[in-house]
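For reference, the chains in residue letters:
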Amino acid sequence: MKSGKTGKSAAKAAERSSQTGRPVLEPATSLGSGKPKPTAEKGKTGAGGAHHWTFLTNHSHVLVLLSRDPSLVLRQVALKVGITERAVQRIIADLESGGVIEREKVGRQNRY
């Protein structure tokens, strides 16, 4: 079984990963056919129109980023996750109301 990426697909995966800040998973092949299975995350497309997906929700992507660097501002989180600032605001409000994170005001910025 092959486990590594080669050639153009590796370059495309690296490019998509660097654009979104998320690891890009290559689609699995279906048994017997040798052709890749189509995979997609609701309307998300990578370079060249190819669909890609992750196992993590946007909530978990935001949570992981904030746990790594609690001083990130919403704009930076939005750019790294690949969603809008407003979506990040809603996700942070959800995480706060669920008791998963707490907001601490430091000067004009927040720490989570």
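Here the residue numbering is sequential within each chain, running from 1 through the sequence in written order. Under the rules for a predicted model, residues below a pLDDT of 70 receive no local features and side-chain atom pairs below 80 are neither given nor counted, while totals for whole chains, interfaces and linings still include all residues. The basis for every side-chain value is the complete set of non-hydrogen atoms in the structure, without hydrogens or water.

Caption draft 1: Geometry of the nonpolar core. What we call a nonpolar core is a set of buried Ala, Val, Leu, Ile, Met, Phe, Trp, Tyr and Cys residues that are connected through their side-chain atoms within 4.5 Å. Exposure categories follow from relative accessible area, calculated using a 1.4 Å probe and restricted to protein chains: below 20% of the type maximum is buried, above 50% is exposed, and the middle band is partly exposed. Val-62, Leu-66, Val-77, Ile-83 and Ile-92 are the most contacted members of the largest nonpolar core, which totals 15 residues. Secondary structure is summarised from DSSP: a helix means a run of H or I of at least four residues, a strand means a run of E of at least two, and numbering begins at the N terminus for each. Listed by contribution, the elements that provide at least two residues to this core are helix H2 (58-68), helix H3 (74-81) and helix H4 (85-97). Sorting elements by how many residues they give to this core places H4 first, with five residues. Ignoring sequence-local partners within four residues, the contact set of Ile-92 consists of Val-62, Leu-66, Leu-74, Ile-101, Arg-103 and Tyr-112. For this analysis, residues touch if any pair of their heavy atoms sits within 4.5 Å.

Caption draft 2: Molecular detail of the packing of H2 against H4. Angles here are taken between N-to-C directions and fall from 0 to 180 degrees, while the axes themselves are lines fitted to C-alpha atoms, restricted in helices to the stretch in contact. One way to put it is that H2 packs onto H4 with a least axis distance of 10 Å and a crossing angle of 80°. One element, H2, and the other, H4, form an angle in the roughly perpendicular class. Taking contact as the criterion, the partners of Asn-58, His-59, Val-62, Leu-63 and Leu-66 in H2 are, on H4, Ile-91, Ile-92, Asp-94 and Leu-95. Here the contact of H2 with H4 is built from residues that sort into six nonpolar, two polar and one charged. Each angle gets one of four labels, with under 35 degrees taken as roughly parallel, over 145 as roughly antiparallel, 65 to 115 as roughly perpendicular, and the rest as oblique. Basically, the charged four are Asp, Glu, Lys and Arg, the nonpolar ten are Ala, Val, Leu, Ile, Met, Phe, Trp, Tyr, Cys and Pro, and anything else, Gly included, counts as polar.

Caption draft 3: Molecular detail of H3. For H3, the complete set of buried residues consists of Val-77, Ala-78 and Val-81. Down the axis of H3, the smallest arc covering the buried residues is 100°, so these residues share one side. Looking at H3, the residues exposed on the side facing more than 90 degrees away from the buried face are Arg-75 and Leu-79. Immediately beyond the C-terminal end of H3, within one or two residues, lies Gly-82, with a positive phi of roughly 90°. To be clear, the arc concerns the directions from the helix axis to the C-beta atoms.

Caption draft 4: Seen up close, the packing of H3 against H4. In contact at an axis separation of 8 Å, H3 and H4 are set at 105° when each is read in the N-to-C sense. Accordingly, the angle class assigned to the pair H3 and H4 is roughly perpendicular. Contact residues: Leu-74, Arg-75, Val-77 and Ala-78 in H3; Glu-85, Val-88, Gln-89 and Ile-92 in H4. When the residues that make up the contact of H3 with H4 are grouped by side-chain class, the tally is five nonpolar, one polar and two charged.

Caption draft 5: Looking closely at the pattern of salt bridges. A side-chain nitrogen of Lys or Arg and a carboxyl oxygen of Asp or Glu constitute a salt bridge if their distance falls within 4 Å. Applying the stated criterion across every chain, the model contains two salt bridges. A salt bridge links Arg-75 to Glu-85; the shortest N-O distance between them is 3.1 Å. Of this pair, Arg-75 sits in helix H3 while Glu-85 sits in helix H4, placing them ten residues apart in sequence. Between Arg-103 and Glu-96 there is a salt bridge, with the nearest N and O atoms lying 2.5 Å from each other. Assessed through its relative accessible area of 43%, Arg-103 is described here as partly exposed. Exposure remark for Glu-96: the relative accessible area of 26% places this residue in the partly exposed category.

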